[in-house]
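Structure assessment
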Amino acid sequence: MTGGPLTSRQHEAGRSGLRSALSGRSVAGQVFVLQVVIVLLLVVAAVGALVLQVRHDSTQEARNRSVAVAEAFANAPGTVAALRGPNPSAVLQPRAEAARKATKVDFIVVMNTDGVRYSHPKPDRIGKKFVGTIAPALAGRTVTEEITGTIGPLVQAVVPVKAPDGSVVGLVSAGITTASVGGAANRQLPLVLLAAAAGLVLATWGTALVSRRLLRQTHGLGPHEMTRMYEHHDAVLHAVREGVLIVGGEGTLLLANDEAQRLLDLPQDAEGRHVRDLGLTPDTAGLLASGRVATDEVHLVKDRLLAINQRPTDSEGGPPGSVATLRDSTELRALSGRAEAARERLNMLYDAGVAIGTSLDVTRTAEELAELAVPRFADFATVDLFDAVLSGGQPEAATTLRRTAMSGIREDAPLYPLGRQIRLVDSAPQARSLRTGQAVIEPRLSEASGWQAQDLERSAQVVEHGIHSLITVPLRAGSLVLGVVSFWRSGKPEPFDTEEVALAEELVARAAVSIDNARRYTREHSMAVTLQRSLLPRTLPEQDALEIAYRYLPAQAGVGGDWFDVLPLSGARVALVLGDVVGHGLHAAATMGRLRTAVHNFSSLDLPPDELLALLDELVGRIDQDETVEDGSAPVTGATCLYAVYDPVSQVCTVARAGHPPPALIHPDGSVEFPEVPAGPPLGLGGLPFETADLELAEGSRLVLYTDGLVEDREHDIDVGLEQLRTALERAGKSPEDTCRVVLDSRLPARPSDDVALLVARTRALPADRIAEWQVPSDPAAVAEARASITRQLAGWGLDELTFTTELIVSELVTNAIRYGGDPIHVRVMYDRTLICEVFDSSSTSPHLRYAAMTDEGGRGLFLVAQLAERWGTRYTPAGKVIWAEQPLPS
């Protein structure tokens, strides 16, 4: 944190900076060493001067004290008398010692004019000759001198002792050693040296800090490096083709290189003046004086457009001010304009690869091309394709074009409208493009007579509208020409140029590939849809058990294998089947046809739903085994199927399903439920049985069968789809047609990704008065009674015309049941769209039709039944079998 203790990294950085400063390799290091030497010399000189001064002061003090003591003693009362007395030493020695001790000098010596001592601190020296100069003192002057005596270096003074008449009667000498006078100074010298050392350390540390700052400022460069850097900096500053200005914090121009002076036309004495006093435009001077950050700000200076960049110099602790760079963007702007145009063209080509061809629809792909071109490349764009291309066919040059897509900056352009068939004249630029396979440019439409010949009145309107330039490019996919694209310009006054023609060709070439792919897909999709629709029932069979409505919608992305069928069965029953082959395309459609044919065949056997699905499962398994991968085709990977049989007599619907969504049931009161029907495995897996469910349906109930494309997609799972289907069914009308319409309006997406098959069947019941039943004893005599009962019933129904044939059919069927079947025997006759006769017995033996020889006594019964009935057959029940025959009603 700011203001806190220094971190170890900061300490290390400081030590590193100090080591660098002390290294001496850089300018900062050299300055540091020089400063340290200077400080050291100054400290040494100061200490030496102090020592010398102390010594000088000590010597001077010694002189002054010795002179003062000697003169005081010489002038003391009694000194002259003592010298003239008989025993001078006896008087002067005590006095001299007392004075010496009092004045703290080393000696006071009183002598006669011959230099013989009368006193001395050491008595043994009394009477001996004085060592020193006495001649000046005998002449009446005071003498001081420095000598080395027996007690060491000393300063002594010799003064005359004068009588009242002025004659010299003796001499007094006082002396003091320099050690005695300089003792105090010597005691203070260590303190002085310590203070000098502390000053040296502080001065060295301060010098190091200054050097560290200098090291940071010079970046550790040496003198030669700094000299070279300055020379290079100066050379670059004045040679660079970019103006450089350095402005101080108060707006004073500190530096302007040659290019800046040229661009701004600065006066010679510009440096050192305020930027507002340089004759610049107010906005430019204001920017330079403000010091604010600027990036590529364009300023008009005379006839130049200058791009100015400015940054402050104090952002990282530098001096206040700013540095600005100037570029002449007049030429750069033109270059950048061309570069921007080139970049925009590259972006357009990139966007063309991404945005064109998002769907396999010819018209939509053409619209994407027109929308991309406007307004980025042209003001209007039109795409004209041959009619055959729209349907997936091969285009022919002799056919007419159709305006397939159109885009523009305005909607009131007098160009041919969408959907318009266009027959081109030979001189039209579009016709020339189609004929030559090359792009054609008409830079000025007002002067293009060939283009105007296409439609004189409309051409005049186009020119009047402001459209003045045109590029036409053929849509080519290999050697195949699909149509022509026209780019029109009205907003820009400049006509199209050759560079734009190249861009138009590249743009159309990329779109042509996508349009050709969409054309091929349209052709294959149309073929698959045609095949699939040819395999689906075109009309529903006539029957009275169910009122049926259906819808089939192929997927937009590819034809699937959904199918449905309504199959009349014996006994007025009707089978409903709905299936879905996994996969899409021609292969799925073909497989669907095979499965539908198989269901037709299996249903003719009157099999229960579970047994029929078991046979269908075996068939799909065999198809999977026999299928080989050729030309990219894939084997069948499975199918789903729902098979339901409705009996209008019992009003029971028996349902079984193989991997298919469950049916929905709308009760007569409008409530909706999804009955529980066991979910068998999809067809083709094998090994697992199928189960059936019997649904008792009240008359007027609606059974809704559908494929998974209606309830399942990528956005939600089947449970959500089933709940949404329930909601739609609850508000559906009473009729099957209304139910289909409501369901598809609410559930079908705009572009379904899977086929959708929907089958709605409303139940009817066969009236009880149209059903007659009898129990027949197992006795040949009962045949006559059965014929009589049939005759009476047909008379009651008004079907007398069928009495003879019906009696014969019932007679033969009952006789066979009595002879070959088992008890109980039951006869049922139903009056529906046909007259149906059924004979039930407990035997599971199936009768076979054979042709009896001329000599055979029997074997012609079933042959007669087959000749008299329109249809006949056998179906099995859990209790036996039923032999039935149908006769058409009289018209």
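1. Quick word on the overall build of the protein chain
For the protein chain, the helix and strand inventory stands at 24 helices and 31 strands. Across the 891 residues in the protein chain, those meeting the buried criterion constitute 44%. Summarising the internal contacts of the protein chain: among those between residues at least 6 apart in sequence, 60% fall at separations of at least 24. If you sum the accessible surface of the protein chain, you get close to 44,700 Å²; carbon and sulfur atoms cover 54% of it.

2. Re the pattern of salt bridges
Taken as a whole and assessed by the stated rule, the structure comprises 32 salt bridges. Between Arg63 and Glu146 there is a salt bridge, with its nearest N and O atoms 3.4 Å apart. Here Arg63 is found in helix α2 (residues 27–74), whereas its partner Glu146 is found in strand β2 (residues 143–149), with 83 residues between them in sequence. Its relative accessible area of 23% is what places Arg63 among the partly exposed residues. According to the relative accessible area criterion, Glu146 is partly exposed, its value standing at 48%. Arg410 is the partner of Asp412 in a salt bridge, and the nearest nitrogen-oxygen pair spans 3.6 Å.

3. Some details on a negative patch on the surface
Residues Glu712, Asp713, Glu715, Asp717 and Asp719 make up a contiguous surface patch of negative charge. With respect to the element layout, Glu712 can be found in the loop between β25 (702–706) and α20 (718–730). A relative accessible area of 39% means that Glu712 is categorised as partly exposed.

4. Here we look at the sheet that holds strand β22 (residues 672–673)
Within a sheet, neighbouring strands are paired by backbone hydrogen bonds and run either parallel or antiparallel to one another. Strand order in the open sheet made by the 5 strands is β16-β26-β25-β21-β22, with antiparallel pairing throughout. This sheet does not close on itself; its edge strands, each paired only once, are β16 (546–553) and β22. Examined bridge by bridge, strand β21 (residues 664–666) and β25 share 3 bridges and lie antiparallel to one another. Following the sheet pairing, Ile666 is matched in β25 by Arg702. Packed onto the sheet, helix α21 (residues 736–747) meets β16, β21, β25 and β26 (756–763) and runs at close to 25° relative to β16.

5. Topic: the pairing of strand β11 (residues 401–408)
As judged from the 7 bridges shared by strand β10 (residues 380–386) and β11, these two strands associate in the antiparallel manner. Its bridge partner being in β11, Leu385 is matched across the sheet by Arg402. Of the strand pairs in this sheet, β11 and strand β12 (residues 421–422) are connected by 2 bridges, and their pairing is antiparallel. From the neighbouring strand, Arg402 faces β12, where its bridge partner is Gln421.

6. Quick notes on the sheet that holds β12
As summarised here, the arrangement of the 6 strands in space is β12-β11-β10-β15-β14-β13, forming an open sheet in which the pairing is antiparallel. On the outer flanks of this sheet lie β12 and β13 (440–442), each paired with one strand and no other. Sitting on the sheet, helix α12 (residues 362–373) touches β10, β11 and β15 (480–489), and the angle it makes with β11 is about 40°.

7. Here's the deal with a nonpolar patch on the surface
There is a patch of nonpolar side chains on the surface, built from Val33, Val37 and Leu41 and spanning about 250 Å² of accessible area. Within the fold, Val33 resides in helix α2. For Val33, a relative accessible area of 40% puts it in the partly exposed group.

8. Observations concerning the packing of aromatic side chains
The full count for this structure, using the stated rule, is 5 aromatic pairs. Ring centres of Trp797 and Tyr831 lie 5.6 Å apart, and the angle between their planes is 40°; on these two criteria the pair is classed as tilted. Placement of Trp797 in helix α22 (residues 782–797) and of Tyr831 in strand β28 (residues 825–831) is noted, with a sequence separation of 34 residues between them. We note that Trp797, like Tyr831, is buried. Taken together through their ring pairs, the aromatic side chains of Phe377, Phe487 and Phe496 make up a single cluster. Arg770 extends its terminal NZ or CZ atom over the ring of Tyr831, reaching a point 4.2 Å from the ring centre.

9. Brief notes about the nonpolar core
Among the nonpolar cores identified, the biggest contains 52 residues, and Trp563, Leu576, Leu595, Leu616 and Tyr643 are the most heavily contacted of them. For this core, the element with the most residues is strand β19 (residues 639–647), which contributes 7 residues. Apart from the residues within four sequence positions on either side, Leu595 is in contact with Trp563, Val581, Leu616, Leu619, Val620, Ile623 and Ala639. Counting 40 residues, the second largest nonpolar core, distinct from the first, contains Ile471, Leu482, Phe487 and Ala512.

10. Section: the packing of α20 against α21
Contact geometry for α20 and α21: axes closest at 9 Å, N-to-C directions at 135°. In terms of orientation, α20 and α21 fall into the oblique class. Note on packing geometry: the crossing formed by α20 with α21 is right-handed. Contacts between α20 and α21 involve Gly721, Gln724, Leu725, Ala728 and Leu729 from the former and Thr739, Val742, Val743, Ser746 and Arg747 from the latter.

11. As for the packing of α22 against helix α23 (residues 803–820)
Contact pair α22 / α23: the axes reach a minimum separation of 9 Å and the direction vectors enclose 145°. Like other packed secondary-structure pairs, α22 and α23 cross with a definite hand, here right-handed. Along its contact with α22, which presents Val783, Ala786, Arg787, Ile790, Thr791 and Leu794, the element α23 presents Thr803, Thr806, Glu807, Val810, Ser811, Val814, Thr815 and Ile818. Grouping the constituent residues of the contact of α22 with α23 by class yields 7 nonpolar, 5 polar and 2 charged.

12. Focus on helix α4 (residues 88–103)
Counted at 1.5 Å a residue, the expected span for α4 with its 16 residues is 22 Å, and the 21 Å between its end C-alpha atoms agrees. Along α4, the positions that sit buried rather than exposed are Pro88, Ser89, Leu92, Gln93, Ala96, Glu97, Ala99 and Arg100. With its buried residues spanning 170° around the axis, α4 presents them on a single face. Seen from the open side of α4, the exposed residues pointing more than 90 degrees away from its buried face are Lys101 and Ala102. Directly after α4, the chain includes Lys104, whose backbone phi takes a positive value near 60°.

13. Description of the confidence of the model for the protein chain
In this model, the protein chain carries a mean pLDDT of 83, and residues with pLDDT of at least 70 account for 86%. The low-confidence segment residues 1–11, where pLDDT is below 50, has 2 contacts with residues more than four positions distant or belonging to other chains. In the predicted structure, residues 852–858 sits below a pLDDT of 50 and forms 7 contacts with residues beyond four places in sequence or in another chain.

14. Points about the side chain of Ser459
Tracing the sequence through the fold places Ser459 in helix α16 (residues 456–464). Residue Ser459 is classed as buried on the basis of its relative accessible area, which comes to 5%. A distance of 3.5 Å separates a polar atom in the side chain of Ser459 from the backbone oxygen of Gln452. Not counting residues up to four positions away in its chain, the partners in contact with Ser459 are Trp451 and Gln452.

15. A word on the environment of Arg833
Residue position: Arg833 is located in the loop between β28 and β29 (834–841). Judged by relative accessible area, Arg833 falls into the partly exposed class, the value being 37%. Sequence separation between Arg833 and Glu886 is 53 residues, and the spatial gap between their C-alpha atoms is 9.6 Å. What Arg833 contacts, discounting residues up to four positions off in sequence, is Glu542, Gln543, Asp544 and Leu889.

Rules used throughout
Residues numbered from 1 in each chain as written. Predicted model: local features only at pLDDT ≥ 70, side-chain atom pairs only at ≥ 80, totals over all residues. Heavy atoms only, no water. Helix = DSSP H or I, 4+ residues; strand = E, 2+ residues; numbered from the N terminus. Buried < 20%, exposed > 50% of the residue type's maximum accessible area, 1.4 Å probe, protein only. Contact = heavy atoms within 4.5 Å. Areas by Shrake-Rupley, 256 points an atom, 1.4 Å probe, with all protein chains shown as cover. Salt bridge = Lys/Arg side-chain N within 4 Å of Asp/Glu carboxyl O. Patch = residues over 30% accessible without salt bridge, like charges linked within 9 Å, V, L, I, M, F, W, Y side chains within 5 Å. Lys, Arg positive; Asp, Glu negative; His and termini not counted. Charge placed at Lys NZ, Arg CZ, Asp CG, Glu CD. Pairing = 2+ DSSP bridges. Axes fitted to C-alpha atoms, helices over the stretch in contact; angles between N-to-C directions. Phe/Tyr/Trp six-rings, centres within 6.5 Å; stacked < 30°, edge-to-face > 60°. Lys NZ or Arg CZ within 6 Å of the ring centre and 35° of its normal. Core = buried A, V, L, I, M, F, W, Y, C linked by side-chain atoms within 4.5 Å. Parallel < 35°, antiparallel > 145°, perpendicular 65-115°, else oblique. Left-handed = near helix turned anticlockwise from the far one by under 90°. Nonpolar A, V, L, I, M, F, W, Y, C, P; charged D, E, K, R; others polar. Expected span 1.5 Å × (residues − 1). Arc of directions from axis to C-beta. pLDDT = per-residue confidence, 0-100. Polar contact = N/O pair within 3.5 Å; in protein donor to acceptor, adjacent residues only side chain to side chain.

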